[in-house]
Amino acid sequence: MSRPEDRSPARSDAGSSHLDLTRSVTPSGERAPGGAAVATPPPERIGPYAITGELGRGGMGIVYVAEDPRLKRSIAIKVLPRSVAEDPERLASFEREAQLLAALNHPNIATIHSLEEAEGLRFLTLELIPGQNLSERIIGTPLPIDDTLAVCRQIAIALEAAHRKNVIHLDIKPANVRVTPDGLVKVLDFGLARAMSGVLAATATASAESESTAVGTPGYMSPEQVLGQPVDHRADVWALGCI
């Protein structure tokens, strides 16, 4: 299983994380000088949820591990940073991610629980998935062929389910694929996802980013994505081939 990060320009990681958000090219991501994501200490609480750790951060949000006191379970919380929460385009994109995820119900796609707001923060509560992301699994040694086929088959099934709902992911890469200890694959992070209208991908709201804006991760972006041209479900198929 190849790793296109090794042969394409890539942004620096913010450490190993659940979503590895720092590598995605976004229209207006927050970056410190040199391209690194701006780091801030995690809060103790967000709304009713106690924060116990951080999973990853980047231009599309910050993801924490939290405890749900009502249902007595661990969850993931994806927060839209305050600095961009008043940007209509960013807010529309964040809400679109929630809506698209809510339309998908599949064992190979991470589940969204809710879209909430507390003390001026907009956030998603999400399924917390045990295991490793695929980028961690393939460090140093490629996966055996049987494991590679099993993982890619499940990614393909997840993408087929999303495409049947007219949703394209647009950021398929090893860091956005989680593999549980029992081998179940979950596709993560629909922060760049789009709804499809007919053949071409269209934005779900009028305030979303222009189709001429190139978004995705270098090394996994289809030629159409790189050029900022209209794309469809074949962009996800391209990215799966890169994996």
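A quick note: this is a predicted structure, and the numbers were derived from the prediction, not measured.

K.L.:
What is the right way to look at the overall build of the chain in this model?
P.N.:
Within the chain, the secondary structure is distributed over six helices and 12 strands. Within the chain, the proportion of its 243 residues that are buried is 51%. Of the roughly 11,000 Å² of accessible surface on the chain, a fraction of 54% belongs to carbon and sulfur atoms.

K.L.:
Can you walk me through the pattern of salt bridges in this structure?
P.N.:
Close approach of charged atoms lets side chains of opposite charge pair. Scanning the entire structure with this criterion turns up nine salt bridges. One salt bridge in this structure joins D68 and R70, with 3.9 Å as the shortest N-O distance. By relative accessible area, D68 is classed as buried at 6%. Exposure remark for R70: the relative accessible area of 56% places this residue in the exposed category. Residues joined in a network through salt bridges with shared partners are K78, E97 and D189.

K.L.:
Please clarify how the side chain of H163 should be interpreted in this entry.
P.N.:
Structurally, H163 can be placed in helix α4 (residues 145-164). Residue H163 is classed as buried on the basis of its relative accessible area, which comes to 15%. Leave out the neighbours within four places in its chain, and H163 touches I168, M196, H233 and D236.

K.L.:
What should I look at first to understand the pairing of strand β4 (residues 73-80) in this one?
P.N.:
Successive side chains on a regular strand alternate, one facing one side of the sheet and the next facing the other. Of all the eight residues making up β4, six are buried; the element is thus mostly covered by neighbouring parts of the structure. Pairing geometry for strand β3 (residues 61-68) and β4, over seven bridges, is antiparallel. When the bridges of β4 are listed, Y64 appears paired with I77. Connecting β3 to the antiparallel partner β4 that follows it, the hairpin turn spans four residues, and K72 within it adopts a positive phi of roughly 55°. Relative to strand β6 (residues 121-127), β4 is paired through six bridges, and the arrangement is antiparallel. Of the residues in β6, the one forming a bridge with K78 is L124.

K.L.:
Would you take a moment to explain the side chain of R178 for this structure?
P.N.:
For R178, the location among the structural elements is in strand β9 (residues 177-179). Here the side chain of R178 touches G131 through a polar contact of 2.8 Å, landing on its backbone oxygen.

K.L.:
Sorry if this is basic, but what is going on with the nonpolar core here?
P.N.:
A general feature of soluble globular proteins is that nonpolar side chains tend to end up buried together. Counting 38 residues, the largest nonpolar core has I109, L134, V151, I155, V167 and F190 as the members making the most contacts within it. Counting residues per element, this core draws most heavily on α4, at six residues. Residues in contact with V167, not counting those within four places in the same chain, are L100, L104, A162, F190, A193, R194 and M196. In this structure, A66, I75, I77 and A118 belong to the second largest nonpolar core, which totals 12 residues.

K.L.:
Is there a simple way to think about α4 in this case?
P.N.:
Compared with an ideal rise of 1.5 Å per residue, which puts 20 residues at 28 Å, α4 spans 28 Å between its outermost C-alpha atoms and is within 8% of the ideal. Regarding α4, the residues found buried are T148, V151, C152, Q154, I155, A158, L159, A161, A162 and H163. Just past α4, the residue N166 takes up positive phi, approximately 65°.

K.L.:
What exactly am I supposed to notice about the pairing of β6 here?
P.N.:
Most of β6 is tucked away, with seven of its seven residues classed as buried. In this sheet, β6 lies alongside strand β5 (residues 112-118) in antiparallel orientation, the contact comprising six bridges. Counted as the bridge partner of S114 is T125 from β6. Linking β5 back to β6 in an antiparallel pair, the connection comprises two residues, with E119 at a positive phi of about 50°.

K.L.:
How do you make sense of the environment of V177 when you look at a structure like this?
P.N.:
Mapping V177 onto the fold places it in strand β9. Those residues in contact with V177 that sit more than four places away from it in its chain are Q132, N133, L134, I155, V185 and K186.

The rules behind the values
- Residues numbered from 1 in each chain as written.
- Predicted model: local features only at pLDDT ≥ 70, side-chain atom pairs only at ≥ 80, totals over all residues.
- Heavy atoms only, no water.
- Helix = DSSP H or I, 4+ residues; strand = E, 2+ residues; numbered from the N terminus.
- Buried < 20%, exposed > 50% of the residue type's maximum accessible area, 1.4 Å probe, protein only.
- Areas by Shrake-Rupley, 256 points an atom, 1.4 Å probe, with all protein chains shown as cover.
- Salt bridge = Lys/Arg side-chain N within 4 Å of Asp/Glu carboxyl O.
- Contact = heavy atoms within 4.5 Å.
- Pairing = 2+ DSSP bridges.
- Polar contact = N/O pair within 3.5 Å; in protein donor to acceptor, adjacent residues only side chain to side chain.
- Core = buried A, V, L, I, M, F, W, Y, C linked by side-chain atoms within 4.5 Å.
- Expected span 1.5 Å × (residues − 1).

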